[in-house]
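So you can see what is in the structure, the chains are spelled out below.
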Amino acid sequence: MCLAIPGRIVEIHGNIAKTDFGEGVTRNVDISLVQAREGDYVIVHAGFAIQVLDEKEAKKTIKLFKKLLNIPV
Amino acid sequence: MFEFKDSQLANRIIEELKKMNLNIRLMHACGTHQDTLIKSGLNSVFKELGIEIRQGPGCPICVTPANEIEEAIVLAEHGLTLTVFGDAMRVTGFSKSLYDARAEGCDVRIVYSISDAVKIAEGNPDKKVVFLAIGFETTAPATASTLLHGVPENFYILSSHRYFPPALDVLLSLGEIRLDGLIQPGHVSVITGLSPYYHLLRKYNIPQVVAGFEPLDMLLAVYSLSKQIKAGTPKVENEYTRAVTEEGNILAKEYLSKVFEPYDVVWRGFPLVKSSGMRLKKEFKDKDARIVFADILAGVNVQDYEEPKGCRCNEILRGLVDSFDCPLFGNKCTPDHPVGPCMVSIEGNCNINYRYTGGRRIKV
Ligand code: SF4
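About the cut-offs
- Residues numbered from 1 in each chain as written.
- Chains lettered and ligands numbered in written order.
- Predicted model: local features only at pLDDT ≥ 70, side-chain atom pairs only at ≥ 80, totals over all residues.
- Heavy atoms only, no water.
- Contact = heavy atoms within 4.5 Å.
- Buried area = accessible area lost by both parts, 1.4 Å probe.
- Salt bridge = Lys/Arg side-chain N within 4 Å of Asp/Glu carboxyl O.
- Polar contact = N/O pair within 3.5 Å; in protein donor to acceptor, adjacent residues only side chain to side chain.
- Nonpolar A, V, L, I, M, F, W, Y, C, P; charged D, E, K, R; others polar.
- Pairing = 2+ DSSP bridges.
- Helix = DSSP H or I, 4+ residues; strand = E, 2+ residues; numbered from the N terminus.
- Axes fitted to C-alpha atoms, helices over the stretch in contact; angles between N-to-C directions.
- Expected span 1.5 Å × (residues − 1).
- Buried < 20%, exposed > 50% of the residue type's maximum accessible area, 1.4 Å probe, protein only.
- Core = buried A, V, L, I, M, F, W, Y, C linked by side-chain atoms within 4.5 Å.
- Disulfide = S-S within 2.5 Å.
- Parallel < 35°, antiparallel > 145°, perpendicular 65-115°, else oblique.
- Left-handed = near helix turned anticlockwise from the far one by under 90°.
- Near = heavy atom within 4 Å.

**Q** Just checking my understanding: could you explain the interface of chain B and chain A for this structure?
**A** A common measure of how large an interface is: the accessible area buried when the components associate. The interface is formed by 48 residues belonging to chain B together with 38 residues belonging to chain A. Taken together, the two surfaces of chain B and chain A that pack against each other cover about 3,700 Å², and 68% of this comes from carbon and sulfur. The interface formed by chain B and chain A holds one salt bridge in total. Measuring nitrogen to oxygen at the nearest pair gives 2.8 Å for the salt bridge that ties Asp6(B) to Lys66(A). Applying the counting criterion to the chain B and chain A interface returns 10 residue pairs in polar contact (both at pLDDT 80 or more). Classifying every residue of the side of chain B that touches chain A gives 24 nonpolar, 15 polar and nine charged.

Listed below in structure tokens is the structure:
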């Protein structure tokens, strides 16, 4: 139950968002805990989105560590 | 899904860790971290690099003590409809599990989310429907949000929700094993933000990094921790910035504080953990199964329980041992015939280690 999984929001109806988890799996997810828009990636936990994932930050983290280790980016 | 991968970076970090000549012990506190470690084989890689990683109390079902499971069973035995996450079905109360209770004719239903439980209540107005609410800060906001948005009259919460950081505080204060650093759980941190970890830093001066769940996340976190340890400069770092912010999910925290209040509660394997239980506030007392059905629950007494013989879950939850150290692992105890909760829950150390090793007694 604690295994939180990321999905992409396809459609929003009020507090409920149709969310694509890849490999053809879609589920309705409650988005009352986040401010999400269609197309956003969200972390879903027991049927509720608990956060919107920030793709820019993901890239930034990798860049930061590469710089730290003198790997050309 | 967008990817968090970079093999060049991963390899480089492994090289760096090798150069550091480490001999350290870290703890993470999350089933998903254990899953990543074992599934990716990273645990063995770390071991060779002198880095041992233990799973602490980060499995909500495992840390729920038998008396709280027993409460759910007793309510079901009294004719109430019990809704529960599938993962909690096979954990035993004092003598049986909810799964056994269902086999005996009790109305116990598996739900994926609290929303499913509410639907069951809506569809069965003649029944009293109780949701066994287990989980840390990751799950509890869903319960809070559901209550705040209104639930049917015949719907009740049996709260086993817990605040996670106080358990780490107790674990560190016990000082039973040497821990050089903590890999903090990404999804609890999504909600809490970083402030609980600053508290631990001030109190125990222990290096901490919040990490995501890809193998690369764990490598980056372990690398950052190793650097902190080597430099002797403990701090709180956040590797999982794509999900975790300094202040966490403010809305979720607000919901939590509107619905729950902390109280002292026992965790499996732990002494009393102060202010770690989430109890429904007075305003929600007509939804609190412990208040509404107090007469039924009066007989459930924590003293009535003995841990299964030979099971080392208690020590596993405090990070003192790994499931491979349990003599029952893989023979008397398997996911089909679990002896303790750490083998029942898919987030439990024993269950995860069994799943990826087929129960072979290897030291990972
Ligand atoms: S392997 Fe089974 S008996 Fe041993 S600690 Fe884990 S759950 Fe308990």
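**Q** It is not clear to me how the sheet that holds strand β3 (residues 81-85) of chain B should be interpreted in this structure. Could you clarify?
**A** Strand pairs in the sheet, formed through backbone hydrogen bonds, run parallel or antiparallel to each other. Residue and element names in this part refer to chain B. Read from one edge of the open sheet, four strands run β4-β3-β5-β6, paired in parallel fashion. Either end of the sheet is taken by a strand with one partner, and the two such strands are β4 (108-111) and β6 (155-161). Strand after strand, the sheet turns through a mean of 25 degrees between neighbouring axes, direction not considered.

**Q** What is the right way to read helix α5 (residues 66-77) of chain B from this model?
**A** Three or four residues apart is the spacing at which side chains of an α-helix point the same way, because the helix has 3.6 residues per turn. Residues and elements named next belong to chain B. An ideal rise of 1.5 Å per residue puts 16 Å on 12 residues; α5 measures up with 16 Å between its terminal C-alpha atoms. Counting buried positions along α5 yields 11 of 12 residues, so the element is predominantly enclosed. Every buried residue of α5 is listed here: Ala66, Asn67, Glu68, Ile69, Glu70, Glu71, Ala72, Ile73, Val74, Leu75 and Ala76. A positive phi of about 90 degrees marks Gly79, the residue just after α5.

**Q** Explanation requested: the nonpolar core in the structure shown.
**A** Grouped burial of nonpolar side chains is what soluble globular proteins tend to show. Within the largest apolar cluster, 80 residues are counted, with the highest numbers of intra-cluster contacts made by Phe131(B), Phe155(B), Tyr240(B), Phe260(B) and Trp267(B). Among all residues touching Phe155(B), those that are not within four sequence positions of it are Ile114(B), Ala117(B), Val118(B), Ala121(B), Val129(B), Phe131(B) and Lys287(B). Phe65(A), Ile71(A), Met20(B) and Leu37(B) belong to the second-largest nonpolar core, a separate cluster that totals 31 residues.

**Q** Please clarify how the state of the cysteines should be interpreted in this entry.
**A** Residue and element names in this part refer to chain B. Applying the stated rule across the entire model yields one disulfide over all chains. With its sulfur 2.2 Å from that of its partner, Cys59 forms a disulfide with Cys62. What sets the handedness of the Cys59 and Cys62 disulfide is the S-S torsion sign, and at about 65 degrees it is right-handed. Taking the relative accessible area as the measure of exposure, Cys59 reaches 1% and is therefore buried.

**Q** Honestly, the sheet that holds strand β7 (residues 181-185) of chain B in this entry has me stumped. Any pointers?
**A** Residues and elements named next belong to chain B. Strand order across the open sheet formed by five strands is β2-β1-β7-β8-β9, with parallel pairing between neighbours. Here the strands that pair on one side only, and so sit at the sheet edges, are β2 (51-55) and β9 (236-238). On average, each strand axis in the sheet is inclined to that of its neighbour by 25 degrees, with strand direction left out of account.

**Q** Is there a simple way to explain the pairing of strand β3 (residues 26-30) of chain A in this structure?
**A** The two faces of a sheet get side chains in turn, since along a regular strand they alternate between them. All names here are of chain A. Relative to β3, strand β2 (residues 16-20) is paired through five bridges, and the arrangement is antiparallel. Bridge pairing links Lys18 to Asn28 in β3. Turn length for the β2-β3 hairpin, with the two strands adjacent in sequence and antiparallel, is five residues, and the turn residue Gly22 shows positive phi of about 80 degrees.

**Q** How should I be thinking about the packing of helix α1 (residues 55-68) of chain A against helix α12 (residues 215-231) of chain B in this particular structure?
**A** Two numbers describe a pair of packed helices, the interaxial angle and the distance between the axes. For the pair α1(A) and α12(B), the least separation of the axes is 12 Å and the interaxial angle reads 45 degrees. The pairing of α1(A) with α12(B) is recorded here as oblique in orientation. Judged by the sense of rotation from one axis to the other, the crossing of α1(A) with α12(B) is left-handed. In this structure, α1(A) uses Thr61(A), Ile62(A), Phe65(A) and Leu68(A) to contact α12(B), whose residues at the interface are Leu216(B), Leu220(B), Tyr223(B), Ser224(B) and Lys227(B). Split into classes, the residues belonging to the contact of α1(A) with α12(B) amount to six nonpolar, two polar and one charged.

**Q** I would appreciate a short explanation of the pattern of salt bridges in the present structure.
**A** Charged atoms that come close allow side chains of opposite charge to pair. Residues and elements named next belong to chain B. Here the structure, examined in full by the defined rule, presents 23 salt bridges over all chains. In this structure, Lys19 engages Glu16 in a salt bridge whose closest nitrogen and oxygen atoms are separated by 3.0 Å. One end of the pair is Lys19 and the other is Glu16, both in helix α1 (residues 7-20) and three residues apart, which spans about a single turn. Accessibility expressed as a relative area gives 59% for Lys19, which makes it exposed. The partner of Asp107 in a salt bridge is Arg109, with the nearest N and O atoms 2.9 Å apart.

**Q** Explain the side chain of Ser97(B) to me, please; I cannot follow it from the model alone.
**A** All names here are of chain B. In this fold, Ser97 is placed in the loop between β3 and α6 (98-103). Of note is the side chain of Ser97, whose polar atom sits 3.5 Å from the backbone oxygen of Met89. In this view, Ser97 contacts Ile73, Met89, Arg90, Val91 and Thr92; residues no more than four positions away in its chain are not counted.

**Q** Can you walk me through the site of the ligand in this structure?
**A** All residues in the neighbourhood of the ligand are listed as Cys311(B), Arg312(B), Cys313(B), Ile316(B), Cys326(B), Leu328(B), Phe329(B), Cys333(B), Val339(B), Gly340(B), Met343(B) and Cys350(B). Grouping the constituent residues of the shell around the ligand by class yields 10 nonpolar, one polar and one charged.

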